[in-house]
Amino acid sequence: MTTTVAVSKPDPPGRTRWRPGGSRTGPRGGPASHSQGRTRLRRAITANLTAYGFLAGGLLCFALFSWYPAIRAIQLSFQRTGGRADAGTEWVGFDNFTTVLHDPEFAAAWRNTFYFTGLALVIGFVVPFVLALLINEMRHARAFFRLAVYLPVMIPPVVTALMWKWFFDPGPGLFNEVLRAAHLPTSTWTNGEDTAMISLVLVATWANMGGTVLIYLAALQGIPGELYEAAELDGANLWQRIRHVTVPQTRFIILMLMLLQIIATMQVFVEPFVITGGGPGDSTITVLYLIYKYAFVYSDYGSACALSVLLLILLAAFSALYLRLTRTKD
């Protein structure tokens, strides 16, 4: 007796089959695909909620310590507080801005801030690049010099300022003692109106150049060695190799660090506050130091916030330029 077995053929791709009970299954539009879609959606929601849960702590810190103070400062710039930030306030419109703009120290503070920024670009921007070039050319003890150049960054800024204040002391200070031992004329350093700002730039350069040097070193080590070999074959000397190979290959990093340095130096405060106290006269008073005086010396929080808003607008312009250039690079 012969038994015949019926073999069902598989459905062609894209076709569906009726099942008992009137249900339809298939690769598209069936219950299976809907179930898989719901599963993927549920997994995506779970993953996003987990990510936002981890971000919640950081976002909360930013909201409490960055965003809220900034919004509160903008609000206070249009109010008069009566001597205390928690006292009763009244809306005065742009009166605080008018007060700040007519203050004799306002022009001096902005002039000194731009002067400090210009000196920092001339001194504090060239020195890290030169140090990075020298360290990059070393064959021995490169790790030691990388550590040595970064050590000042790890010292607290106030400690650095106090140390350099003793160095600049016109009496028993270290620098004048060295000059006397070498039978050279001494300097007034931070006690002279002509030399005070330059002295502060030297302090800021020494204290903050470590990170910049390391960034330059990373950029220099990313330059292909074949470019230098080709330049040497063409007879280029050291200066020509730096000019035609090193600088073009690192010009984007140079521009980015220049913008970041401008933003940072426009907010200089520790050095004039600790070392010179804004003096002699008003030769080292900066915008941030004037904001401090408005808030904690004159108890005029409205004017302090008004000047902060003006500084914020200027720094926001530089930040927008920085973001635009980085986006263009990407």
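Residues numbered from 1 in each chain as written. Predicted model: local features only at pLDDT ≥ 70, side-chain atom pairs only at ≥ 80, totals over all residues. Heavy atoms only, no water.

**Thoughts on the overall build of the protein**
And then number 1: Regarding its fold elements, the protein presents 14 helices and four strands.
And then number 2: A total of 330 residues make up the protein; the buried ones form 32% of that total.
And then number 3: A sequence separation of at least 24 residues applies to 60% of the contacts in the protein between residues at least 6 apart.
And then number 4: About 20600 Å² of surface is accessible on the protein, with carbon and sulfur atoms providing 65% of the total. (Helix = DSSP H or I, 4+ residues; strand = E, 2+ residues; numbered from the N terminus. Buried < 20%, exposed > 50% of the residue type's maximum accessible area, 1.4 Å probe, protein only. Contact = heavy atoms within 4.5 Å. Areas by Shrake-Rupley, 256 points an atom, 1.4 Å probe, with all protein chains shown as cover.)

**Observations concerning helix 6 (residues 157-167)**
Because an α-helix completes one turn every 3.6 residues, residues spaced three or four positions apart along the sequence face the same direction.
And then number 1: All of the buried residues along helix 6 are Thr 160, Ala 161, Trp 164 and Phe 167. Buried residues of helix 6, seen end-on, are gathered within an arc of 110° and therefore sit on one face of the element.
And then number 2: Structurally, helix 6 contributes buried residues whose contacts are with helix 7 (174-181), helix 8 (196-221) and helix 12 (270-276). (Arc of directions from axis to C-beta.)

**A short note on a nonpolar patch on the surface**
And then number 1: Where nonpolar side chains cluster on the molecular surface, the patch consists of Tyr 52, Leu 55, Leu 59, Phe 62, Trp 67 and Ile 71 and spans about 680 Å² of accessible area.
And then number 2: Mapping Ile 71 onto the fold places it in helix 1 (residues 31-76).
And then number 3: Owing to a relative accessible area of 57%, Ile 71 belongs among the exposed residues under this scheme. (Patch = residues over 30% accessible without salt bridge, like charges linked within 9 Å, V, L, I, M, F, W, Y side chains within 5 Å. Salt bridge = Lys/Arg side-chain N within 4 Å of Asp/Glu carboxyl O.)

**Observations concerning the pattern of salt bridges**
And then number 1: In this structure the tally under the stated criterion is three salt bridges.
And then number 2: Two residues, Glu 90 and Arg 80, come together in a salt bridge whose shortest N-O distance is 3.5 Å. Here Arg 80 lies in strand 3 (residues 79-80) and Glu 90 lies in strand 4 (residues 90-91), a separation of 10 residues in the sequence.
And then number 3: On the accessibility criterion, Glu 90 (42% relative accessible area) is partly exposed.
And then number 4: For Glu 105, the salt bridge goes to Lys 293, with nearest N and O atoms at 3.0 Å. With Glu 105 in helix 3 (residues 104-124) and Lys 293 in helix 13 (residues 287-297), the pair connects residues that are 188 residues apart, well separated along the chain.

**Description of the packing of helix 8 against helix 11 (residues 251-265)**
And then number 1: Here helix 8 crosses helix 11 at 165°, and the two axes come no closer than 10 Å. In terms of orientation, helix 8 and helix 11 fall into the roughly antiparallel class. Judged by the twist between their axes, the crossing of helix 8 over helix 11 is right-handed. Facing helix 8, whose interface residues are Thr 212, Ile 215, Tyr 216 and Ala 219, helix 11 presents Ile 253, Ile 254 and Leu 257. (Axes fitted to C-alpha atoms, helices over the stretch in contact; angles between N-to-C directions. Parallel < 35°, antiparallel > 145°, perpendicular 65-115°, else oblique. Left-handed = near helix turned anticlockwise from the far one by under 90°.)

Take it as geometry only, folks, not as evidence of what the structure does.
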